[in-house]
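Below are the chains, spelled out letter by letter.
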Amino acid sequence: MSSGTTVALIVAAGHGARSGQALAKQFARVGGRPMIAHSHAALVAHPAIDRVVVVIGAGQQRLLEDALGDVEWVEGGATRRDSVLQGLEYLAGGDAVRVLIHDAARPFVPGTVVDRLAAALDSAEGAVPVLPVADTLARGLEPSPSPFVSSEVEKRSHASSSRFSTSLETNGMSLGETVYRNALYRIQTPQAFRFPTILEAHRAWPAEVQATDDAQIARASGHDVILVEGDKMLEKLTYPSDFAEVESRFAATPEYRTASGYDVHRLAAGEELWLGGVRIPHDKGLAGHSDADVALHAITDALLGTIAAGDIGTHFPPSDPQWRGADSAQFLQHAASLVENEGGRVTFIDLTLICEAPKIGPHREAMRARIGDLLRLPTLRVSIKATTTERLGFTGRGEGIAAQAVATVRFSGVSSI
């Protein structure tokens, strides 16, 4: 792609009345996390995208914060087209050169589709992902009243009960003519445009006319929009059955990840000794910027490893004075929340403490219970072992304590979606 900033605009201002969800569907949980979190994470992670902005409805800021935390957002309008225009106007005057407009109702965004859209904008004003139509297409005809229906009232009642009686609005209709399908495509999002082109097109579009996507708005202003290959992963979630199908796919093929963590702190006089979230009486304590709890630090790194999110120093730099003397429990809970946001659930922790003293046995159950509480795990899923190095090395000389941890996390079908 040519130089300039590429912005992804996620349109998430609707209410999803047909979805059957308690919340607006873009904030409903899909595969263990809010629907919008899936597409937001995919777009943020893509190297061709420099910035992601979410367009939300009035009064939805708290829902967005609960779903994504502190992210860039703008309030949309009463319709999808109004919301897109508000998002584009928000970006106007900035450095946006290209924009990808995506519906939050399509949570799973393959990077390969973004690649194709990005490449298309090198030579086109706009591009959209599409899928060919494989099924036979036909028009539906309004049913004729039964010859046995006599009164006008009965005729109206018959028509009302036979039309639009399901969410798909088809029951009672008759089969009409077949539609030639070879030149027909199913349009998906994200749709990509050169920013000045789509901003001008939206500004020129009549306010009283509704549009179902942005490509038709661009074409109405005389711009060509080219087609790129879409993906079945980009299916839109609209009806309760769509949500049920996706959840069944998540539940059917869970993914398990295992990662390890390791930490060391030196023993020093005048310090408190914290291990596994428990204060242990000892003549020395562990020295460090925080409370130096090697057990919780090792587990924290193991959890971060399951989502490839760096290490504890990345999230809580020892150079930052706010973490001086901090309770390491907050480090562990932060890592656990990041795992949960990625659709993961901690299923097992295995911890090994390496030291000559103190004896770990008397405190083992208290540590298991504390770690279980912090991770919302039953104690039977927290294993703590202790060993020595037969007086070899720094732990053998009583100079410090080391900890090794292994975390197992279940992700609900991430790899299959």
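Because the structure is predicted, anything quoted here is derived from the model rather than measured. (Residues numbered from 1 in each chain as written. Predicted model: local features only at pLDDT ≥ 70, side-chain atom pairs only at ≥ 80, totals over all residues. Heavy atoms only, no water.)

A. How the structure looks around the confidence of the model for the protein chain. On average, the protein chain scores 88 in pLDDT, and the residues at 70 or more come to 88%. Mean pLDDT per element in the protein chain: helix α5 (residues 152–162) is the minimum at 42, and strand β11 (residues 191–194) is the maximum at 98. (pLDDT = per-residue confidence, 0-100. Helix = DSSP H or I, 4+ residues; strand = E, 2+ residues; numbered from the N terminus.)

B. Main features of the nonpolar core. With 40 residues, the main nonpolar core has Leu275, Ile299, Leu303, Leu351, Leu353 and Leu375 as its most contacted residues. Looking at this core, the elements that each hand over two or more residues are α9 (294–306), α11 (329–341), β17 (344–354), α12 (364–375), β18 (382–387) and β19 (400–411). Sorting elements by how many residues they give to this core places α9 first, with eight residues. Each residue touching Leu303, except ones within four places of it in the same chain, is listed here: Leu332, Ala335, Ala336, Val339, Val346, Ile349, Leu375, Ala407 and Val409. Within the second largest apolar cluster, 28 residues are counted, among which are Ala8, Val54, Val114 and Val228. (Core = buried A, V, L, I, M, F, W, Y, C linked by side-chain atoms within 4.5 Å. Buried < 20%, exposed > 50% of the residue type's maximum accessible area, 1.4 Å probe, protein only. Contact = heavy atoms within 4.5 Å.)

C. Looking closely at the environment of Val71. Within the element layout of this structure, Val71 appears in the loop between α2 (61–68) and β5 (73–75). Residues Val71 and Val54, spaced 17 residues apart in sequence, show a C-alpha to C-alpha distance of 7.9 Å. If we ignore the near neighbours within four places in the chain, the residues touching Val71 are His40 and Leu64.

D. Highlighting the environment of Ala220. By the secondary structure assignment, Ala220 is in helix α7 (residues 214–220). On the accessibility criterion, Ala220 (56% relative accessible area) is exposed. On a C-alpha basis, the gap between Ala220 and His202 in space is 9.6 Å, while along the polypeptide they are 18 residues apart.

E. Local environment of the pattern of salt bridges. All chains considered together, the criterion is met by 15 salt bridges. Where Lys385 meets Asp350, a salt bridge forms, and the shortest distance between an N and an O atom there is 2.7 Å. A residue pair is termed long-range when its members are at least 10 positions apart, and Lys385 in strand β18 and Asp350 in strand β17 qualify at 35 residues. Residue class for Lys385 comes out partly exposed when judged on its relative accessible area of 36%. When the shortest N-O distance is used, the salt bridge between Glu365 and Arg368 registers 3.1 Å. Here Arg368 and Glu365 lie together in helix α12, a separation of three residues that amounts to about one turn. Judged by relative accessible area, Glu365 falls into the partly exposed class, the value being 47%. (Salt bridge = Lys/Arg side-chain N within 4 Å of Asp/Glu carboxyl O.)

F. Seen up close, the packing of aromatic side chains. Within the structure shown, the criterion is met by three aromatic pairs. Clustering of aromatic rings is evident, with ring pairs tying together Phe316, Trp323 and Phe331. Across from the ring centre of Phe411, 4.0 Å away, lies the NZ or CZ of Arg257, which sits over that ring. (Phe/Tyr/Trp six-rings, centres within 6.5 Å; stacked < 30°, edge-to-face > 60°. Lys NZ or Arg CZ within 6 Å of the ring centre and 35° of its normal.)

G. Structural view of unusual backbone geometry. A cis geometry characterises the amide bond from Thr189 onward to Pro190, with omega recorded as 10°. Mapped onto the elements of the fold, Pro190 is located in the loop between β10 (185–187) and β11. Residue Pro358 is reached from Ala357 by a cis peptide bond, and omega for that bond is 5°. By secondary structure assignment, the location of Pro358 is in the loop between β17 and α12. A positive phi angle is found at Ala292, which is not glycine, with a value near 60°. The residue Ala292 is located in the loop between β16 (285–286) and α9 in this model. Residue classification places Ala292 among the buried positions, given a relative accessible area of 0%. A positive phi angle is found at Glu390, which is not glycine, with a value near 55°.

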